[in-house]
Each structure stands twice: as C-alpha cells, then as structure tokens.
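Chain and residue survey
Listed below are the residues making up each chain.
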Amino acid sequence: MITDLNVELIREDFPILKRKVHGNTLVYLDNAATSQKPARVISVINEFYRNHNANVHRSVYQMSEIATARYEDAHKKVARFINARNEKEIVFLKNATEAINLVAYSWGRQNVGPGDVILLTEMEHHSNLVPWQLLAQEVGADLEFISVDDSGLLNLDDMKKQTKGRMKLTAVTQLSNMLGTINPVKSIAEFAHENDSLILVDAAQSVPNLPVDVQEINCDFMVFSGHKMLAPNGTGVLYAKEELLKEMRPFLGGGNMIREVTLRESKWNDIPWKFEAGTQAIAEGIALGAAIEYLEKVGMEAIKSYERCLIEYAIERLSDIQGIVIYGPPPKQRGGLVSFNLTDFHPHEIAAALDYFGIAIRAGHHCAQPLHEKLGINTSLRASFYFYNTREEIDKLVEGLSKIKKGFET
Ligand code: 7TS
C-alpha cells in the first residue's frame, strides 16, 4: 500500500486501541459514529482542569485570562483548518446537530417564508432533515429533494427542476454517512448561488477525513462535530460567512452573548460570541484545538489517500463474501466507510456476534431512515474507518463475518 502514514506509530497515540474486548484486541470500525481520542487530546483536558480551570470572557484574574486565550485560540485553529477568513466566522456549539438547528431557527425564521423552497437530498442524516421539516411546517415552506441514483450518487439534474426565485436554501451532506458518497459540493454551491439560494454543507463526515476549504467550496454555512475528528464530545462547529452571522438574530439568549442588557431589551455581543450563550464546553473546545493540531501534523491529504486505500481493500475483500450486498458508489467516489447487508441475516445479529471477536461496527439505520427506505431495506451494517485502522483489521472483519455466517448456517 502506498502511504506516507506510519500507522503503527500513530496507533501508539490512541490508548484505547490496546483495549481487550471479550479477550480480543479491540477492532474499532465505528468511526463515523465517533472517533477515538489520542493521548494528547485527553491530556489537554486533564491539564486544563488541573491548572487553569476558570470561566472565560468574564474575569481579569490570571487563570481566567489563560482559559479565555486558549479557548479563543482554539477558534483560530478551527478557522485555519477549514480556511475560514477569520475566527469570527467560527461558532463553537455542542455538535453538528445543534449547528444545523441554529441556522434553521436563527437564519431560517428570518429568511424563509411561505412557498419558499429548501432543497435537500435523499441521503441526508436526520440532523440535516428534521430541523428543515420543523422550519417548513412552521413557516409554510416546501422541501424538495435531489434524488439518489442506483449507484449511490446524486441525480444533479434534479437541481435544474427547481424554480429560480423560490429556492432559499440548499442543504447537502459532503460525505454520506451511509453510502459513503462524496458529493460535488462546490458545483452544488455554484448552482445554488446562480439560483439565489444559500448553501449549507453538512461536513460532519468530511471535515474529519478530507481536506476541506470553505472559501474554495464557497459555502455560506458549514457544520461539523469535533467528536468525529479526535476531539471530545460536546464540541461542534458552525462556520458561516461573517456578513450572515452579523445579520442573524441570536439562537439562545443568556450570558456571554450580550453586550448590554436592560430590563426590557438587550444589545448583542460581537460574533461569534453572540451565538455562544452561557458557559461553554471550555476544556473540550481547547481540546478541539489540540485535535486539529494532531490532524494537521498527520496531514489531511495523507489521511484521505490512506483511507482511500483502506476502503478499496475493504470493498475488494467484502465483495468475496457470498450473499453480501454492498451499498454505495465505487471506492473512487466515496470516503472511508461501507454499508452492507448479508442476505438472510439481521444486521443486529451480525454486529452482536462480531462483538465477541472484539470488532465494533454499527448496525441500524444510521440516522438515515429515508435513504434506507429508498434502498428497500430497514437497516444495514456499517464499517467506518479512520487513519489509525489497518488492513489487518479489515481482514479480521472479513474473517469474523465468514465465521459467523458459517456458524449460523451449520
Ligand atoms: N450529519 C452527518 C452526515 C452525520 O453523519 C452525523 C452523525 C450528523 C450530521 C450529526 O452529528 P452529531 O455529532 O450532531 O450527532 N452521524 C452519526 C452516525 O453515522 N452514526 O452515529 C452518528
């Protein structure tokens, strides 16, 4: 395999990968749900609570100033990582879900009205579907969908059926968490803008695995979750163009998001703080900065090509299993995850049996029920890789599946 990554060395940084499950070394292949954390990220949280724990943006004592500087610096690291113009465009939130809800409540309720169209795709995660359903129901807007073809790619011709002037927002995933499809978000953004629509990119699966540049894509909003990219739970990011954040009304009201409060009305703080109400996940936010430094050190191009090698190998090996149905496009058009079913077996049965070999993969609808319905299935199995996974782990998955199949069949 051609790769610049020293995976054996990288694995040393992730203490959990040495863990035993039912007597076997853990094979963690559920990275699309959440990633594991390197020791450096864990120690940054530990170090913060041991030495600098204080609230941010409100006190002049040394510890609070250190906490504030580190928390703000983490925003700068995120801005650099996705090539935002500056850190004012970076709002720290709980997760991608909260970020989409913020846009739907704040921007959506100010800008979307009766008869307007929100254009989505059939492959969206529930997080990029339900908030728009709520908005559409409330304001009388319509939801339209770009369909998914038989090979798991978007039918981009569906965009051309939209009526110019009605489209207000296009919200699309960059990397499907079920099919693995990588969508051409730059062309979709161009089309959206030609039709006077803004575009939100759900980058929950792409930012952890591919180099992503918000200025190159020219998206108006982008959302992603820190916990899928080595950072702790409770970290998520909304990127939005500065002029949009300035115009948008706050999502949540409270401390930190205000400049001045009187009994009857308030003035808002500068962006991004206008959207960070109340005490935030400070240690976790700082640790997101450390996670980004780690990813930058490994290199996003190297991560992308290594995962491409893994997915090619995984699909090649899995395809040899009799009775397997693999969903999604060929490896060239996808990221490092694969969903599949084994004829005559229930996914939960298989995932539970794999656990006995120490192998963790996901079974279920992966929060993409409409996509499963489109494929004519209720549930599927999904193996999702990160740059610390190896070909040997894929071999173990394939061996595990073959053993389970044989066991059930005899
Ligand atoms: N968008 C996509 C494309 C996702 O894959 C997920 C989470 C989300 C949004 C929401 O992220 P959260 O951090 O706010 O929950 N996807 C998955 C998954 O595939 N398995 O568990 C979570």
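Residues numbered from 1 in each chain as written. Predicted model: local features only at pLDDT ≥ 70, side-chain atom pairs only at ≥ 80, totals over all residues. Heavy atoms only, no water.

1. Considering helix α5 (residues 130-139)
The cut-off we apply is this: For each residue, the accessible area found with a 1.4 Å probe, counting protein chains only, is set against the maximum for its type, and the residue is called buried under 20%, exposed over 50%, and partly exposed in between. Strands here are runs of E lasting at least two residues and helices are runs of H or I lasting at least four, both read from the DSSP assignment and numbered beginning at the N terminus. Throughout, the arc means that of the directions going from the helix axis to the C-beta atoms.
For α5, the full list of buried residues reads Pro131, Trp132, Leu135, Ala136 and Val139. Buried residues of α5 fall within an arc of 130° about the axis and therefore sit on the same side. In α5, the exposed residues that point more than 90 degrees away from the buried face are Gln137 and Glu138. Glycine 140 occupies a position one or two residues after α5 and carries a positive phi of about 80°.

2. Notes on the domain arrangement of the protein
Formally: The domain limits used here are those given by an automatic or database domain assignment. Note on contacts: a residue pair is in contact if any heavy atoms of the two residues lie within 4.5 Å. As used here, buried area is the combined drop in accessible area, with a 1.4 Å probe, of two parts when they are placed together. The salt bridge criterion pairs a side-chain nitrogen of Lys or Arg with a carboxyl oxygen of Asp or Glu, the two atoms within 4 Å. We call two N or O atoms a polar contact when they sit within 3.5 Å, provided that within protein one can donate a hydrogen and the other can accept it, with sequence-adjacent residues counted only if both atoms are side-chain atoms.
Assigned domains within the protein: domain 1 (7-30 + 299-409) and domain 2 (42-297). Between the C-alpha centres of domain 1 and domain 2 there is a distance of 28 Å. Counting residues at the interface gives 36 residues for domain 1 and 33 residues for domain 2. Both sides together, the interface formed by domain 1 and domain 2 hides about 2,600 Å², and carbon and sulfur atoms give 63% of it. Of all residues in domain 1, Met300, Leu371 and Tyr386 give up the largest surface area on contact with domain 2, accounting jointly for 24% of the area buried on that side. Remark: the boundary between domain 1 and domain 2 carries one salt bridge. Across the salt bridge formed by glutamate 122 and lysine 374, the nearest N and O atoms sit 3.0 Å from each other. Counting the contacts that link domain 1 with domain 2 gives 15 residue pairs in polar contact (both at pLDDT 80 or more). Put simply, the parts of the chain that give the side of domain 1 that touches domain 2 at least two residues each are α11 (300-319), β14 (337-342), α13 (369-374) and β17 (380-384).

3. Digging into the sheet that holds strand β8 (residues 198-202)
Applicable threshold: Any two strands with at least two DSSP bridges between them are considered paired. Between the N-to-C directions of two axes lies an angle of 0 to 180 degrees, each axis being a line fitted to C-alpha atoms and, for a helix, fitted only over the stretch in contact.
Here we have seven strands laid out as an open sheet, ordered β4-β10-β9-β8-β7-β5-β6, and mixed in their pairing. Since the sheet does not close on itself, it has two edges, and those belong to β4 (90-93) and β6 (142-146), each with one partner. Averaged over all pairs of adjacent strands, the angle between strand axes in this sheet comes to 20°, irrespective of strand direction. The sheet contact formed by strand β7 (residues 167-173) and β8 spans five bridges and is parallel. Across the sheet, residue threonine 170 finds its bridge partner in β8, namely isoleucine 199. Where helix α3 (residues 62-81) meets the sheet, it contacts β4, β9 (221-225) and β10 (236-240), and its direction lies at approximately 115° from that of β4.

4. What to know about a nonpolar patch on the surface
Quick reminder of the rule: Residues enter patches when their relative accessible area tops 30% and they take part in no salt bridge; the joining distance is 9 Å for like charges and 5 Å for the nonpolar side chains Val, Leu, Ile, Met, Phe, Trp and Tyr. Per-residue accessibility takes into account occlusion by the displayed protein chains alone, with areas from the Shrake-Rupley method and a 1.4 Å probe.
A cluster of nonpolar residues, Tyr105, Val130 and Leu134, forms a patch on the protein surface that exposes about 240 Å² of accessible area. One can find leucine 134 in helix α5.

5. With respect to the site of the ligand
What counts is decided by this rule: One heavy atom suffices: a residue is near a molecule or strand as soon as one of its heavy atoms comes within 4 Å of it.
Taken together, 17 residues form the shell around the ligand, and within it Thr97, Asp202, Ser225, Arg362 and Arg382 come nearest. Measuring from an oxygen atom of the ligand, one finds a backbone N or O atom of alanine 96 at 3.4 Å. Within the side chain of serine 225, an N or O atom sits 2.6 Å from an oxygen atom of the ligand. Protein contact buries 89% of the 490 Å² of open area that the ligand shows by itself.

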